[in-house]
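Read off the chains here:
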Amino acid sequence: MSPSNDSDAGMAVACSEIETDYSIVLSIVCCVFLVLGIVYTFLGYRCFKATMFQTGFMIGSVVLYIVCQEEDLLSPEGNVGVAIGAGVMFGLIAMLVIYLGLFLTGLLLGVMLGIAALLIIEIFYHPSTTWVSVGILMGMGVLFALLALKFSKGCTIISTSAFGGALVATAIDYFVEKLDMLMYIWERIKTVRSDTPCWFSWLILSMWPCMLFIGLFVQWKITSKDYHHDDGRWTTAFPFRRTAI
């Protein structure tokens, strides 16, 4: 049997079975992601301070953990400890310095849209260099970071809805296929060729835009209506009063 046939057979077996030997630590983390994802999606702008802290915490901890992991600077436990400490520091700064928090929120939105663009590009063309994905992610990240400083409420609602949907999809992805779809997305960023995901992997990924649109509707119409983070309280709608965007 040829290697390609062996690969196809292995993929068929993987797509027909669901592994249940879950890690306790990862299961707890994914459960936390699921809860945070729901809060982000429906209450992201309403819980503005908490959102800024969580956004700064996740960006700081994930980036530093990846750097420490790639450079092999510390033990796995040391990498986690340093990442958590840096995440707390970034989270506090993002919460206290509103403009930095908005910048990070817009940056996160741009990166997520860049990832979506890379997934679409992969259908028609496989980039030959990592600089393509880096350029797309950095370009869109900076663009939406600047837009978030101008249109703070709108960009925050879109970003929190999108990030909440991504967290929910990631949690479900772990319990269904051990983060195979997440690894496929990571390989798109690294421009590495990989096997086509299972059919239900795309269903899991489709939860991301579904949660995004549901979160946009709920936040615009219910949880963030007549509310702005500048005054931190509900305001009474008045037809002649100018409200901030």
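Please read these numbers as outputs of a predicted model, since none were measured by experiment.

**Student:** Which residues make up the overall build of the chain, and what values do they have?
**Tutor:** Each helix and strand in the chain was counted, giving nine helices and two strands. What you see in the chain, going N to C, is helices and strands ordered as α-α-α-α-α-α-α-α-α-β-β. Among the 245 residues that make up the chain, the fraction classed as buried is 38%. Here the contacts in the chain between residues at least 6 apart in sequence split such that 77% fall between residues at least 24 apart.

**Student:** Which residues make up helix H9 (residues 199-223), and what values go with them?
**Tutor:** With 25 residues, H9 extends 35 Å from end C-alpha to end C-alpha; this agrees with the ideal 36 Å at 1.5 Å per step. Taken residue by residue, H9 has Phe200, Ser201, Ile204, Leu205, Trp208, Met211, Leu212, Gly215, Leu216, Val218, Gln219 and Thr223 as its buried positions.

**Student:** Could you give me a rundown of the packing of helix H3 (residues 48-71) against helix H4 (residues 76-96), with the residues and numbers involved?
**Tutor:** Two numbers describe how H3 lies on H4: the axes approach to 6 Å, and their chain directions differ by 145°. Relative to H4, the crossing made by H3 is right-handed. Classifying every residue of the contact of H3 with H4 gives 16 nonpolar, seven polar and one charged.

**Student:** Residue-level account of the side chain of Thr156, with values.
**Tutor:** Along the chain, Thr156 falls in helix H7 (residues 152-177). Those residues in contact with Thr156 that lie beyond four places of it in its chain are Tyr45, Phe48, Met52, Leu102 and Thr105.

**Student:** With reference to specific residues and values, describe the environment of Met138.
**Tutor:** By the element assignment, Met138 lies in helix H6 (residues 130-150). The spatial distance from the C-alpha of Met138 to the C-alpha of Leu107 is 8.5 Å, given a sequence separation of 31 residues.

**Student:** Requested: an account of the pattern of salt bridges, with residues and values cited.
**Tutor:** Enumeration according to the criterion identifies two salt bridges in this entry. The closest approach of N and O atoms between Lys178 and Asp21, which form a salt bridge, is 3.0 Å. Of this pair, Lys178 sits in the loop between H7 and helix H8 (180-189) while Asp21 sits in the loop between helix H1 (3-16) and helix H2 (24-43); the two residues are 157 residues apart in sequence, bridging distant segments of the chain. A salt bridge links Glu122 to Arg188; the shortest N-O distance between them is 3.3 Å. Of this pair, Glu122 sits in helix H5 (residues 98-124) while Arg188 sits in helix H8, and the two are 66 residues apart along the sequence. Residue classification places Arg188 among the buried positions, given a relative accessible area of 4%.

Conventions used here
- Residues numbered from 1 in each chain as written.
- Predicted model: local features only at pLDDT ≥ 70, side-chain atom pairs only at ≥ 80, totals over all residues.
- Heavy atoms only, no water.
- Helix = DSSP H or I, 4+ residues; strand = E, 2+ residues; numbered from the N terminus.
- Buried < 20%, exposed > 50% of the residue type's maximum accessible area, 1.4 Å probe, protein only.
- Contact = heavy atoms within 4.5 Å.
- Expected span 1.5 Å × (residues − 1).
- Axes fitted to C-alpha atoms, helices over the stretch in contact; angles between N-to-C directions.
- Left-handed = near helix turned anticlockwise from the far one by under 90°.
- Nonpolar A, V, L, I, M, F, W, Y, C, P; charged D, E, K, R; others polar.
- Salt bridge = Lys/Arg side-chain N within 4 Å of Asp/Glu carboxyl O.

In short, shape yes, function no, at least from these values alone.
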